[in-house]
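Overview (structure and organization)
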Number of protein chains: 4
Amino acid sequence: MSTTAYTDCIQACSACAIACESCAAACLREPHVEQMRTCIQLDLDCVDLCRLAERLMLRESALVDEICRLCALACQACAEECAKHAHDHCQQCAQACQRCVEACEAIGLAA
Amino acid sequence: MSTTAYTDCIQACSACAIACESCAAACLREPHVEQMRTCIQLDLDCVDLCRLAERLMLRESALVDEICRLCALACQACAEECAKHAHDHCQQCAQACQRCVEACEAIGLAA
Amino acid sequence: MSTTAYTDCIQACSACAIACESCAAACLREPHVEQMRTCIQLDLDCVDLCRLAERLMLRESALVDEICRLCALACQACAEECAKHAHDHCQQCAQACQRCVEACEAIGLAA
Amino acid sequence: MSTTAYTDCIQACSACAIACESCAAACLREPHVEQMRTCIQLDLDCVDLCRLAERLMLRESALVDEICRLCALACQACAEECAKHAHDHCQQCAQACQRCVEACEAIGLAA
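Residues numbered from 1 in each chain as written. Chains lettered and ligands numbered in written order. Predicted model: local features only at pLDDT ≥ 70, side-chain atom pairs only at ≥ 80, totals over all residues. Heavy atoms only, no water.

Named according to an unreviewed UniProt entry, chain A is Four-helix bundle copper-binding protein originating from Pseudomonas cuatrocienegasensis.

Have a look at this one:
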């Protein structure tokens, strides 16, 4: 696949990384931060996986399919956790993660 | 400054990182790759600085002003080198870098 | 300067990044996580700056001096915060940060 | 598994990332850089996978096994390519990659 074929997924990963980074920072400032531990952990993993998936797609690396499958797992876990919390940043993050799951699965499972 | 104040610069850094990552990968595939060495080196530095600036802005880190000043230097160097090459990816990268210089300077020099 | 001249600083940055990453993860699991917010934030910044400094030294980038100066600031802030907490991971992190401040200043201020 | 169980693999990933980063930078400066394209591409992928594996192990992330399996693939590909080139940096990189394959497989396949 060419970079063009990855365009949607690159955009979804980029938006998801931004949402997760913002969510982690906002969670850390919440009054009940002790309830946000798992959310922060999953946000941080999700940022890193999305950034790497984005990077490997931009390079058209041979590892794109595998990283997209793994990125989908990270996004799925983060989406489920974020959906439990009413904070705007968590709800927005859950949506960005959900879109990224679909975009990554479209790459990873097509392989 | 709040994340909202950083919105333009976050977007410029993200676009610049994507352009530089693509440019580095494309340069590496050019027939005359020996003429693209400096371009690849500066692209790689620029990606890393843009990603870090983006990240620190999203976290509203205390180091935002300093990283934006440094990111502007990396983008400026990359813009000047890319502008010398006629390849589409270099010309597009030069433009993304130039916009990012302006966005980063608006943050870093306002401080 | 050659990579050889950077050897000590590369090692200090690597050790500091590992200590900060571990400290952030451990802080997030502490019973009184609400007291560790600043520590986690500074740990995350310090990891990112150390990793980038390490990377630019390995590449002998033209931005080494500037990134080392900025990395020293991140390490200094993290060292001061970690030193306030009695947890083993914070005390170890404070020491790794302090060593990294010295190594980075030896590069950044020599310039 | 605890971070202690990951100690060997964290060290192997760190050493491999440093070797690959150095190798990529050195390849880019070789007289026959056109023969080093694949080596540079695989080095860059390998750095990124090693850094992420290292990071997820330090955080004891739920994705450790998967990222270690993927990191082993990246290291294997890089080891095979680097072994073809007589440059010292390539030979050293091939060895660091080979050690990292073994350390990552010990984590990823034990799961």
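So much for the structure itself; the text now carries on.
Concerning the relation of the copies chain A and chain D
Filter applied, for reference: Superposing copies: least-squares fit, C-alpha atoms only, residues required to have pLDDT of at least 70 in both. Here, residues are in contact when the closest pair of their heavy atoms is within 4.5 Å.
After a rotation of 180° and a shift along the axis of 0.0 Å, chain A superposes on chain D with an RMSD of 0.0 Å. In symmetry terms, the pair is related by a two-fold rotation axis. Both copies share a contact surface, since 100% of the interface residues of chain A are interface residues in chain D too.

Topic: the environment of A:Ala83
Rule in force here: Only DSSP runs of H or I reaching four residues or more are called helices, and only runs of E reaching two or more are called strands; each is numbered from the N terminus.
Tracing the backbone through its elements, the reader meets A:Ala83 in helix H3 (residues 64-83). Measuring from C-alpha to C-alpha, the distance between A:Ala83 and A:Met36 comes to 12 Å, with 47 residues separating the pair along the chain.

Observations regarding the layout of surface pockets
To be explicit about the condition: Think of a 1 Å grid over just the protein atoms. A cavity is a set of points where a 1.4 Å probe fits yet cannot get out, a pocket is an open set with protein on both sides within 12 Å along at least five of seven lines, and lining residues have an atom within 4 Å of a point. Grid points are joined across faces, edges and corners, and a volume is the space filled by probe spheres set on the points. For this classification, the nonpolar set comprises Ala, Val, Leu, Ile, Met, Phe, Trp, Tyr, Cys and Pro, the charged set comprises Asp, Glu, Lys and Arg, and every other residue, Gly included, is treated as polar.
Within this model, the largest pocket holds a volume of roughly 420 Å³. As for the largest pocket, its lining consists of 18 residues, and the residues nearest its centre are A:Ala15, A:Ile18, A:Ala19, A:Ser22 and B:Leu58. For the lining of the largest pocket, the secondary-structure elements that each account for two or more residues are helix H1 (7-29) and helix H4 (88-108) of chain A together with helix H1 (3-27) of chain B. If you tally residues by element for the lining of the largest pocket, the top one is H1(B), at 7 residues. When the residues that make up the lining of the largest pocket are grouped by side-chain class, the tally is 8 nonpolar, 9 polar and 1 charged.

Observations concerning the environment of C:Leu109
Residues and elements named next belong to chain C. Just so we agree on the cut-off: Burial classification: accessible surface area is computed with a 1.4 Å probe over protein chains only, and a residue below 20% of its type maximum counts as buried, one above 50% as exposed, and the rest as partly exposed.
Note on placement: Leu-109 falls in the segment after helix H4 (88-108). Of the residues examined, Leu-109 reaches a relative accessible area of 58% and is grouped as exposed. Sequence separation between Leu-109 and Arg-69 is 40 residues; the distance between their C-alpha atoms is 7.2 Å.

Re the interface of chain D and chain C
Filter applied, for reference: By buried area we mean how much accessible surface two parts lose on assembly, using a 1.4 Å probe and totalling the loss over both. We call two N or O atoms a polar contact when they sit within 3.5 Å, provided that within protein one can donate a hydrogen and the other can accept it, with sequence-adjacent residues counted only if both atoms are side-chain atoms.
Counting residues at the interface gives 15 residues for chain D and 15 residues for chain C. In total, about 1300 Å² of surface goes out of reach between chain D and chain C, with carbon and sulfur atoms giving 47% of it. Counting the surface chain D buries against chain C, the share from its top three residues, D:Glu21, D:Arg55 and D:Leu58, is 40%. Connecting chain D to chain C are 9 residue pairs in polar contact (both at pLDDT 80 or more).

Digging into the packing of helix H2 (residues 37-58) of chain B against helix H2 (residues 37-58) of chain C
Packed helices, taken two at a time, are described by the angle their axes make and the gap between the axes. We count it as follows: Axis lines are fitted through C-alpha atoms, for helices just across the contact stretch, and the angle between N-to-C directions can take any value from 0 to 180 degrees. In what follows, roughly perpendicular refers to angles from 65 to 115 degrees, roughly parallel to angles under 35, roughly antiparallel to angles over 145, and oblique to any angle outside these ranges.
Running from N to C, H2(B) and H2(C) cross one another at 170°; their axes reach a closest spacing of 11 Å. By the criterion of interaxial angle, the relationship of H2(B) to H2(C) is roughly antiparallel. Contacts between H2(B) and H2(C) involve B:Asp45, B:Asp48, B:Leu49, B:Leu52, B:Arg55 and B:Leu56 from the former and C:Asp45, C:Asp48, C:Leu49, C:Leu52, C:Arg55 and C:Leu56 from the latter. Grouping the amino acids of the contact of H2(B) with H2(C) by side-chain chemistry returns 6 nonpolar, no polar and 6 charged.

Digging into empty space enclosed by the protein
Under the criterion given, the structure shown has 2 cavities of 30 Å³ or more. Within this model, the largest cavity holds a volume of roughly 790 Å³. As for the largest cavity, its lining consists of 35 residues, of which A:Asp48, A:Arg55, B:Arg55, C:Arg55 and D:Arg55 are closest to the centre. Secondary structure elements with two or more residues in the lining of the largest cavity: H1 and helix H2 (37-58) of chain A, H1 and H2 of chain B, helix H1 (3-29) and H2 of chain C together with helix H2 (37-58) of chain D. Its residues assigned to classes, the lining of the largest cavity comprises 15 nonpolar, no polar and 20 charged. Residue contributions to the lining of the second largest cavity peak at 3 residues, all from helix H1 (residues 3-27) of chain D. Classifying every residue of the lining of the second largest cavity by side-chain character gives 6 nonpolar, 1 polar and 3 charged.

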